[in-house]
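For reference, the chains in residue letters:
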Amino acid sequence: MACVMTAQAFWREYLATLPEGHRHRTAVPEAVAFGDSAGLADELAALVLAGAKRATTSLAVEFSAAGEALPSVGDVCIVLRGDGRPVAIIERIEVVQRPFGEVDEGFAACEGEGDGTLSFWRAAHRSYFGRVCERLGGTFDDRTPVLCQRFEVIWRGAPTV
């Protein structure tokens with residue numbers, strides 16, 4: 001039976017590649033699976049690894065409802081598959097808050113999902129954010145604040161068999 005690496009072990013492997021004093025040695029990464037299902041998390045993690053997904057969008061209310069700080073530039077995250085297996089480490093390089101209806105075509109394309117169009121992005125995110133808002137007891141429309149986050153993959157880890 002294969003041993004599944006934990007996010008903490010994945011992070012330790014990454015830290016071992018860094019020089020002494022690197023700022024990530026004191027970082028506390030968040031482990032994230034994009035989406036709200038194992039299948040979607042697998043799909044989006046594969047897009048991150050392929051270099052197609054270089055951005056993500058979150059609802060600001062998700063963080064305030066959980067009592068968490070909003071994402072910021074320089075944050076590092078361990079990207080997880082749907083089964084919790086870590087596949088990459090990303091660093092946020094831009095975070096911009098804007099109303100959902102003001103997200104543009106260029107940002108939608110950076111998310112790398114579907115056919116890359118703004119119309120696909122809006123339909124997929126309306127559905128997803130609608131489910132999130134319903135779970136949180138709120139409503140969603142084009143004025144709802146979203147956090148548009150661009151990121152870079154900074155480490156993919158050792159190839160797995």
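From a predicted model like this one, the values you see are computed outputs, not experimental measurements. (Residues numbered from 1 in each chain as written. Predicted model: local features only at pLDDT ≥ 70, side-chain atom pairs only at ≥ 80, totals over all residues. Heavy atoms only, no water.)

Novice: Hey, could you go over the packing of aromatic side chains for me, with residue numbers and the actual values?
Specialist: Going through the model one piece at a time under the given rule, you end up with nine aromatic pairs. Where Tyr 14 meets Trp 155, the ring centres are 5.7 Å apart and the plane angle is 50°; that geometry is what we call tilted. With a gap of 141 residues between them, Tyr 14 in helix α1 (residues 7-16) and Trp 155 in strand β5 (residues 145-155) connect regions that are remote in the sequence. Its relative accessible area of 16% is what places Trp 155 among the buried residues. (Phe/Tyr/Trp six-rings, centres within 6.5 Å; stacked < 30°, edge-to-face > 60°. Helix = DSSP H or I, 4+ residues; strand = E, 2+ residues; numbered from the N terminus. Buried < 20%, exposed > 50% of the residue type's maximum accessible area, 1.4 Å probe, protein only.)

Novice: So, the layout of surface pockets: which residues are in play, and what are the values?
Specialist: Roughly 560 Å³ of internal volume is contained in the largest pocket. Phe 34, Gly 35, Thr 56, Thr 57 and Tyr 128 are the residues nearest the centre of the largest pocket, which is lined by 29 residues in total. Elements represented by at least two residues in the lining of the largest pocket include exactly β1 (30-32), α2 (38-50), β2 (55-59), α3 (60-66), β4 (86-99), α5 (118-136) and β5. Sort the elements by how many residues they give to the lining of the largest pocket and α5 lands first, with six residues. (1 Å grid on protein atoms, 1.4 Å probe; cavity = no way out; pocket = protein on both sides within 12 Å on 5 of 7 lines; lining within 4 Å. Points joined across faces, edges and corners; volume = space filled by probe spheres on them.)

Novice: Would you mind going over α1 in detail, with residue names and values included?
Specialist: Of all the positions in α1, only Ala 7, Ala 9, Phe 10, Trp 11, Tyr 14 and Leu 15 are classed as buried. The inward-facing, buried residues of α1 abut β1, β3 (76-80), β4 and β5. (Contact = heavy atoms within 4.5 Å.)

Novice: Requested: an account of the nonpolar core, with residues and values cited.
Specialist: Buried together is how nonpolar side chains tend to be arranged in soluble globular proteins. Counting residues in hydrophobic clusters, the biggest one holds 16 residues, and the most contacted among them are Leu 59, Phe 100, Val 103, Trp 121, Phe 129, Phe 140 and Val 146. Of all the elements in the fold, those that place two or more residues in this core are β2, α4 (105-111), α5 and β5. Counting residues per element, this core draws most heavily on α5, which supplies six residues. When sequence neighbours within four positions are dropped, the list of residues in contact with Trp 121 reads Thr 57, Phe 100, Val 103, Ala 108 and Glu 111. (Core = buried A, V, L, I, M, F, W, Y, C linked by side-chain atoms within 4.5 Å.)

Novice: Now, about the pairing of β3: what can you tell me, with residues and values included?
Specialist: Where burial is concerned, most of β3 is hidden: five out of the five residues are buried. Across three bridges, β1 lies against β3 in parallel orientation. Paired with Ala 31 across the strands is Ile 78, a residue of β3. Note: β3 against β4, five bridges, orientation antiparallel. For Val 76, the partnering residue across the bridge sits in β4 and is Glu 91. (Pairing = 2+ DSSP bridges.)

Novice: Pulling in residues and values, what's your account of the environment of Gly 114?
Specialist: Here Gly 114 lies in the loop between α4 and α5. Given the relative accessible area of 54%, Gly 114 is considered exposed. Along the backbone, Gly 114 and Tyr 128 are 14 residues apart, and their C-alpha atoms lie at a distance of 14 Å.

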